[in-house]
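Tertiary structure, described
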Amino acid sequence: MNKIVLIIMLFISNHLISQITIKEFVQKTEYKDWETEPSYSNTEEDWYFKKDNKRVRISKFSDTFQIEETNTLTPWECFWSYSRKTEILVLKGQSFYNIPTGKWVYYDEMGRIKKEIDYDKSYKFSIKELIEKIKKEYDIDIEGEINSPIVGLETDNEGNKYFSISFDPKGLVNIYGERTYILVDVNTGKTLFKTSYFKRNDGEKPPFYRYLEMKKGNITSLFIEETTSPKELGIPYKQGGYYPPGTYQLYNGRAYNKEEWAAYVKTSPWWERLFLS
């Protein structure tokens, strides 16, 4: 009889612990004294806080509370998850533009390490190296200019991974919503693909899809650029003279065959390509 009563009491106790509210959890954190984030409305599942440039979202799930801490000056984000039963840390990690980075550590409900995943081992070309590459080659700080750049991690059907980066052209009045898009090999850091696209063009295929099609040899796009400069294309000609055999297009005093013209268009600046089709 006593054993049955003990089991019932343990069940009730565990049930009550698992029903801890988000308000009770918040009161046990440093964020309880932070200002409420006015851009959002707190609910039973999500509470929002701010302090200087820091922003925090605390979410309630069936078994855990999750804390997401961000900063308005950088795209880095930190995560912590706590058990709703024991209030012990069960996960910590970080991300860069939603790309998992560094070491993520998983704990059991007794606080013992259960699993570790080092996401930096997934790509030999590190996030820090990617930041420096884009800053050096395009004068874009993807770590600080968080309103313009978008960084992602793409995977093709063979499991190959790529860093994708898109951003507004530097120093241009971007009235058409044109953006630069590049793909970088996650192991070598080499730029494999560079193109342009327009944010407002709903009928345009996504740039990564165009890259996959280009690899298959299925498309030649006005907005695909070579990543290495080709030799000078076309043959000089005089107005009124005889055009070279196989001439497809005359432009700026040079005669191009069909293949040369396609290559010239692909390597021209985006504003010139608009008038070369």
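Everything discussed here concerns the structure shown above.
My aim in this report is to walk through the structure given alongside it, one point at a time. Please read all numbers here as calculations on a predicted model, not as lab measurements.

**Quick word on the overall build of the chain**
Summing up its helical and strand segments, the chain has six helices and 16 strands in all. Looking at the chain as a whole, 38% of its 277 residues qualify as buried. Sequence-distant contacts, at least 24 apart, represent 33% of the contacts inside the chain between residues at least 6 apart. When the accessible area of the chain is evaluated, it comes to approximately 17400 Å², of which 52% is carbon and sulfur surface.

**Observations regarding the nonpolar core**
Ranked by size, the top nonpolar core spans 20 residues in total, and within it Phe96, Leu130, Ile134, Ile142, Val151, Phe163 and Ile165 carry the most contacts. Elements that contribute at least two residues to this core include exactly helix H3 (127-138), strand S10 (161-167) and strand S11 (178-185). Sorting elements by how many residues they give to this core places H3 first, with five residues. Ignoring sequence-local partners within four residues, the contact set of Leu130 consists of Phe125, Ile142, Val151, Phe163, Ile165 and Val184.

**Some words on the pattern of salt bridges**
By the definition in use, this model includes nine salt bridges. Across the pair Arg55 and Glu37 runs a salt bridge whose closest N-O atoms are separated by 2.9 Å. Remark: Glu37 occurs in the loop between strand S1 (35-36) and strand S2 (46-51) and Arg55 occurs in strand S3 (residues 54-60); sequence separation between them is 18 residues. Classification of Arg55 as partly exposed rests on a relative accessible area of 22%. For Lys133, the salt bridge goes to Glu137, with nearest N and O atoms at 3.0 Å. Placement of the pair is Lys133 and Glu137 together in helix H3, with a separation of four residues, close to one helical turn. Glu137 sits in the partly exposed class, given a relative accessible area of 45%.

Calculation notes
Residues numbered from 1 in each chain as written. Predicted model: local features only at pLDDT ≥ 70, side-chain atom pairs only at ≥ 80, totals over all residues. Heavy atoms only, no water. Helix = DSSP H or I, 4+ residues; strand = E, 2+ residues; numbered from the N terminus. Buried < 20%, exposed > 50% of the residue type's maximum accessible area, 1.4 Å probe, protein only. Contact = heavy atoms within 4.5 Å. Areas by Shrake-Rupley, 256 points an atom, 1.4 Å probe, with all protein chains shown as cover. Core = buried A, V, L, I, M, F, W, Y, C linked by side-chain atoms within 4.5 Å. Salt bridge = Lys/Arg side-chain N within 4 Å of Asp/Glu carboxyl O.

Any link to function would need more than the numbers given here.
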